[in-house]
Structures are given as C-alpha cells and as structure tokens.
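The residues making up each chain are set out below.
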Amino acid sequence: MAETTLRISGMSCAHCVMRVSKALKAIPGVTDAQVDLQKAEAQVSYDEARVGVEKLIEAVGEAGYQANS
C-alpha cells in the first residue's frame, strides 16, 4: 500500500472537495482519499500494483481541477 499527497488547485468550496474525493475513490486500487480544502491537498492511499500517481492526477483533471504530486 502506498500513500501520496496531491496538491489540488481550483477548489473553492465543499462541493469541490466532494467532487475530487469522489473522483479519486472511484479509481480501482484507491483505498482512501482525504481532501482538505484549506490546504488544497488530497492525501491518497492506493495499491501501487493497480494504479499510479499519473492516474490519480488524470482523475482529478477529469473532475475539473488540476493536481500535481
């Protein structure tokens, strides 16, 4: 199991947090995603054998936000 912190830009409200969290948790291999609006970060736990950081960043982008590790 691996963990990473993604910096998220574009979030401005609780709805944004929910969208980013939902997008990350929908990825096969992601076991948890905690999104913090104040820090503009997402702490993601995932199975490295099933998903990589690039896919996490892509999912955040598809939800309408920008992410980087």
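Scroll up a little and you will see the structure.
Since we're looking at a predicted model, the values are computed, not measured.

## Considerations on the pairing of strand 3 (residues 41–46)
Pairing of strand 1 (residues 2–9) with strand 3 involves six bridges; the strand directions are antiparallel. Along strand 3, the bridge assignment pairs Thr5 with Gln43. Two strands pair when backbone bridges link them, and strand 2 (residues 30–36) and strand 3 are joined in this way by six bridges, in the antiparallel orientation. Paired with Ala33 across the bridge in strand 3 is Val44. Turn length for the strand 2-strand 3 hairpin, with the two strands adjacent in sequence and antiparallel, is four residues, and the turn residue Ala40 shows positive phi of about 55 degrees.

## Regarding the pattern of salt bridges
All told, the structure shown has two salt bridges when counted by the stated rule. In this structure, Glu41 and Arg7 form a salt bridge, with 3.3 Å as the shortest nitrogen-oxygen distance. Here Glu41 is found in strand 3, whereas its partner Arg7 is found in strand 1, with 34 residues between them in sequence. In this structure Glu41 comes out as partly exposed when scored by relative accessible area, which is 22%. Ionic pairing is found between Glu58 and Lys55, a salt bridge with its closest N-O pair at 3.4 Å. One end of the pair, Glu58, and the other, Lys55, are both in helix 2 (residues 53–62), three residues apart, so they sit about a helical turn from each other. Given the relative accessible area of 40%, Glu58 is considered partly exposed. Judged by relative accessible area, Lys55 falls into the partly exposed class, the value being 36%.

Rules used in this analysis
- Residues numbered from 1 in each chain as written.
- Predicted model: local features only at pLDDT ≥ 70, side-chain atom pairs only at ≥ 80, totals over all residues.
- Heavy atoms only, no water.
- Pairing = 2+ DSSP bridges.
- Helix = DSSP H or I, 4+ residues; strand = E, 2+ residues; numbered from the N terminus.
- Salt bridge = Lys/Arg side-chain N within 4 Å of Asp/Glu carboxyl O.
- Buried < 20%, exposed > 50% of the residue type's maximum accessible area, 1.4 Å probe, protein only.

Purely spatial values, then, with no claim about function.
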